Amino acid sequence: MSSARIGLIDVPLVYSQEMEYDLVSNEGRTATGEMLLHVDAVKRTWVLQTRPMLKADRDALIGYLESVFYGPVDFWLEEFGMDTVKAFITISESRELSLPTRYSLTITAEEE
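Just so you know, these numbers come straight off a predicted model, no measurement behind them.

Rules and cut-offs
Residues numbered from 1 in each chain as written. Predicted model: local features only at pLDDT ≥ 70, side-chain atom pairs only at ≥ 80, totals over all residues. Heavy atoms only, no water. Helix = DSSP H or I, 4+ residues; strand = E, 2+ residues; numbered from the N terminus. Rg over C-alpha atoms; globule rule 2.2 N^0.38 Å. Buried < 20%, exposed > 50% of the residue type's maximum accessible area, 1.4 Å probe, protein only. Contact = heavy atoms within 4.5 Å. Areas by Shrake-Rupley, 256 points an atom, 1.4 Å probe, with all protein chains shown as cover. Lys, Arg positive; Asp, Glu negative; His and termini not counted. Charge placed at Lys NZ, Arg CZ, Asp CG, Glu CD. Phe/Tyr/Trp six-rings, centres within 6.5 Å; stacked < 30°, edge-to-face > 60°.

Participant: Sorry if this is basic, but what is going on with the overall build of the protein chain here?
Facilitator: Looking only at helices and strands, the protein chain features one helix and eight strands. Scanning the protein chain from its N terminus toward the C terminus, one meets helices and strands in the order β-β-β-β-β-α-β-β-β. Radius of gyration (C-alpha) of the protein chain: 18 Å, far over the 13 Å computed for a compact globule of 112 residues. Along the first, second and third principal axes, the C-alpha atoms of the protein chain reach 60 × 35 × 25 Å. Looking at the protein chain as a whole, 27% of its 112 residues are labelled buried. Relative to all contacts within the protein chain whose residues are 6 or more apart in sequence, the contacts with residues 24 or more apart total 59%. A total of about 7,300 Å² of accessible surface is found on the protein chain, and carbon and sulfur atoms cover 52% of it. Taking the average place of the 10 positive charges on the side chains of the protein chain and the average place of its 19 negative ones, the gap between the two points comes to 6 Å.

Participant: Hey, could you run me through the packing of aromatic side chains in this one?
Facilitator: We describe a pair of aromatic rings using the distance from one ring centre to the other and the angle between the two ring planes. Applying the stated criterion across every chain, the model contains three aromatic pairs. Measuring from centroid to centroid gives 5.6 Å for Trp46 and Phe80, while their planes differ by 70°, and the two rings are edge-to-face. Placement of the pair is Trp46 in strand β4 (residues 35-50) and Phe80 in the loop between β6 (73-77) and β7 (85-96), with a sequence separation of 34 residues. Ring geometry for Phe75 against Phe80: centres 6.3 Å apart, planes inclined by 75°, an arrangement best described as edge-to-face. Each member of the pair, Phe75 as well as Phe80, carries the same accessibility label: buried.

Without other data, these values stay purely geometric and don't point to any function.
In structure tokens:
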């Protein structure tokens, strides 16, 4: 069982997950110097890292993202239960010289 899913594609071998809260807001100061902050929304950003995976698993994930033009997709983490979040996904990859046929991915999911 996977701990993460993008669309209908399970993300295998996730070993690290970070989350950050982003405020969508306007801020400024009044004439007296008082700080004003108007928060319109709070959005989350997740960064997942995978252990080296097979090229076929990497290709399935990249192929799916290309098929939807990297638009917002359903993003699921085990902690969400049955719920998903619409998110924009970006991926960077690396390969170790000792494992040239396997790809380690860093996946960033930004809540829509």
